[in-house]
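# Observations on the three-dimensional arrangement
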Amino acid sequence: MKLRHLIMVMTPLVLISAGCAPQVDMVAEEEAVRAMSNAWQGFDAEQDAVGVAGLFADDGAVYWEQRAPVSGPQAVQEFMTTYYAENPGGGGEWAPDRVLVAASGDLAVEQGAWEDGDIRGRYMTVYTKVGEDWKITADVSLGTTPNGGAPGWAVEQLSEWYDAWNSRDAQRLATLYSRDARTTGAQGRAALIARWEANWAENESETCSGGYDGFQIIGAIATGWGRDTCTITPSGGGAATVERSRWLAVLEQQADGSWLLIRDFGEPVE
């Protein structure tokens, strides 16, 4: 009887205690997160790497496309210092379009879009409460511009490259390169043709496809990088295999305004 009485007494106390839990002001917390986002934009405008780093938690990390991830305020500061040095004119514009705060009031997610000239992307920033303050635990950015922002002529030329390659038309493929173009192990159109034909001789068929991840034009020089996937059937039978690679191509504008490949390098990706 005593034990039962004790349980009966404790039950209302527990209920009272639970009912006294502080309520989260969701509107205020969302405003606080948006203020953090505005602070980053202010630091960004001033290219203040120290200010940006101060927004991150001790284990806060940056995951940006085409860049190695970093973690911790000091690493974030170095990351942003490098970024600002590479982009002295600014890194475009960005803004949140949604902020979600968890009912617990200690976790929030910001989603938004960024734009840098013709390049566009999306980002997501995760915040957690450290004491009474919001801190960034992860910032993820991803480009969403088709073909890595490559201009139409470059996309068409890449499509022509794959069509010529899959057709094993070495002469047509060579017209996309300058006369002294260089790839790994070969230089000049004649050497390129010989290398391609030797490669094709090893396989019964090889069908490749791919696209740009990024593209940059500086004056009369353009650089594009991307990935491709090839399905290869070996000569003499055997199962088809799939190989993936990443590549870098450098093009130069000619006197007639056209662009030709002058460098073309690739490496397999496991």
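Okay, so let's go over this structure.

### As for the pairing of strand E7 (residues 177-183)
A regular strand places its side chains on the two faces of the sheet in alternate fashion. With three bridges joining them, E7 and strand E12 (residues 259-269) adopt parallel strand pairing. Residue pairing in the sheet places arginine 182 in a bridge with arginine 263 of E12. In terms of strand pairing, E7 meets strand E8 (residues 186-187) through two bridges, oriented antiparallel. Within E8, the position partnered with threonine 183 by the bridge is alanine 186.

### As for the packing of aromatic side chains
Scanning the model with the defined rule gives 14 aromatic pairs in all. Each residue in the set Trp153, Tyr212, Phe215, Trp247 and Trp259 is aromatic and connected to the rest through ring pairs, giving one cluster. Across the ring face of phenylalanine 79, the terminal group of arginine 67 is positioned such that the distance to the ring centre comes to 5.9 Å.

### Here we look at the pattern of salt bridges
Using the criterion set out here, one finds 10 salt bridges in the structure. With a shortest N-O distance of 2.9 Å, arginine 172 and glutamate 160 are connected by a salt bridge. Of this pair, arginine 172 sits in helix H6 (residues 170-174) while glutamate 160 sits in helix H5 (residues 152-167), placing them 12 residues apart in sequence. Note that aspartate 169 and arginine 172 form a salt bridge whose closest N and O atoms lie 3.4 Å from each other. Exposure remark for arginine 172: the relative accessible area of 23% places this residue in the partly exposed category. Residues joined in a network through salt bridges with shared partners are Glu160, Asp163, Asp169 and Arg172.

### Quick notes on the environment of aspartate 228
Following the sequence through the fold, aspartate 228 ends up in strand E10 (residues 221-234). Exposure remark for aspartate 228: the relative accessible area of 10% places this residue in the buried category. For the pair formed by aspartate 228 and tyrosine 212, sequence separation is 16 residues and the distance between their alpha carbons is 9.0 Å. Setting aside residues no more than four positions away along its own chain, aspartate 228 makes contact with Tyr162, Ser209, Gly210, Glu243, Arg244, Ser245 and Trp247. Within the local environment of aspartate 228, its side chain forms a polar contact with the side chain of tyrosine 162, the two groups lying 3.3 Å apart. Only 2.4 Å separates the side chain of aspartate 228 from the side chain of serine 245, close enough to count as a polar contact.

### Description of unusual backbone geometry
Unlike most non-glycine residues, glutamine 47 shows phi in positive territory, near 50 degrees. Relative to the helices and strands, glutamine 47 resides in the loop between helix H2 (26-46) and helix H3 (49-53). Residue glutamine 47 is classed as partly exposed on the basis of its relative accessible area of 28%. One non-glycine residue with positive phi stands out, namely asparagine 147, at about 60 degrees.

### Some thoughts on the environment of aspartate 180
Tracing the sequence through the fold places aspartate 180 in strand E7. A relative accessible area of 49% means that aspartate 180 is categorised as partly exposed. Along the sequence, aspartate 180 and alanine 190 sit 10 residues apart, while their C-alpha atoms lie 9.5 Å from each other. Not counting residues up to four positions away in its chain, the partners in contact with aspartate 180 are Gln187, Gly188 and Arg263. A distance of 3.1 Å separates a polar atom in the side chain of aspartate 180 from a polar atom in the side chain of serine 178.

### Some points on helix H7 (residues 189-201)
In a regular helix each residue adds 1.5 Å, so 13 residues correspond to 18 Å; H7 covers 18 Å between its end C-alpha atoms and thus fits that length. What H7 keeps buried is the set Leu192, Ile193, Trp196 and Trp200. Around the axis of H7, the buried residues are gathered within 100 degrees of arc, so they sit on the same side. Looking at H7, the residues exposed on the side facing more than 90 degrees away from the buried face are Ala190 and Ala201. Elements in contact with the buried residues of H7: H5, H6, E7, E8 and strand E9 (203-218).

Cut-offs used in this document
The numbers attached to residues start from 1 for each chain and follow its sequence in the written order. Two thresholds apply to this predicted model, a pLDDT of at least 70 for residue-level local features and 80 or more for giving and counting side-chain atom pairs, whereas whole-chain, interface and lining totals are computed over all residues. Side-chain metrics in this entry use all non-hydrogen atoms of the structure; hydrogen atoms and water are not considered. At least two DSSP bridges between two strands are needed for those strands to be called paired. Starting at the N terminus, helices and strands are each numbered in turn, a helix being any DSSP run of H or I of at least four residues and a strand any DSSP run of E of at least two. Think of it this way: a Phe, Tyr or Trp ring, Trp meaning its six-membered ring, pairs with another when their centres are within 6.5 Å, and the plane angle makes it stacked under 30 degrees, edge-to-face over 60, tilted otherwise. Either the NZ atom of lysine or the CZ atom of arginine qualifies as a charge over a ring when it sits within 6 Å of the ring centre and within 35 degrees of the ring normal. When a carboxyl oxygen of Asp or Glu lies within 4 Å of a side-chain nitrogen of Lys or Arg, that pair is called a salt bridge. Relative accessibility under 20% of the residue-type maximum defines a buried residue, over 50% an exposed one, and the middle range a partly exposed one, all with a 1.4 Å probe and only protein chains included. Every residue pair with non-hydrogen atoms within 4.5 Å of one another is taken to be in contact. Any N or O atom pair separated by 3.5 Å or less is treated as a polar contact, with the protein-specific requirement of one donor-capable and one acceptor-capable atom, and with residues adjacent in sequence counted only for side-chain atom pairs. Multiplying 1.5 Å by the residue count of a helix minus one yields the expected span of that helix. This arc is built from the directions going out from the helix axis to the C-beta atoms.

By themselves, these figures tell us nothing about what the structure is for.
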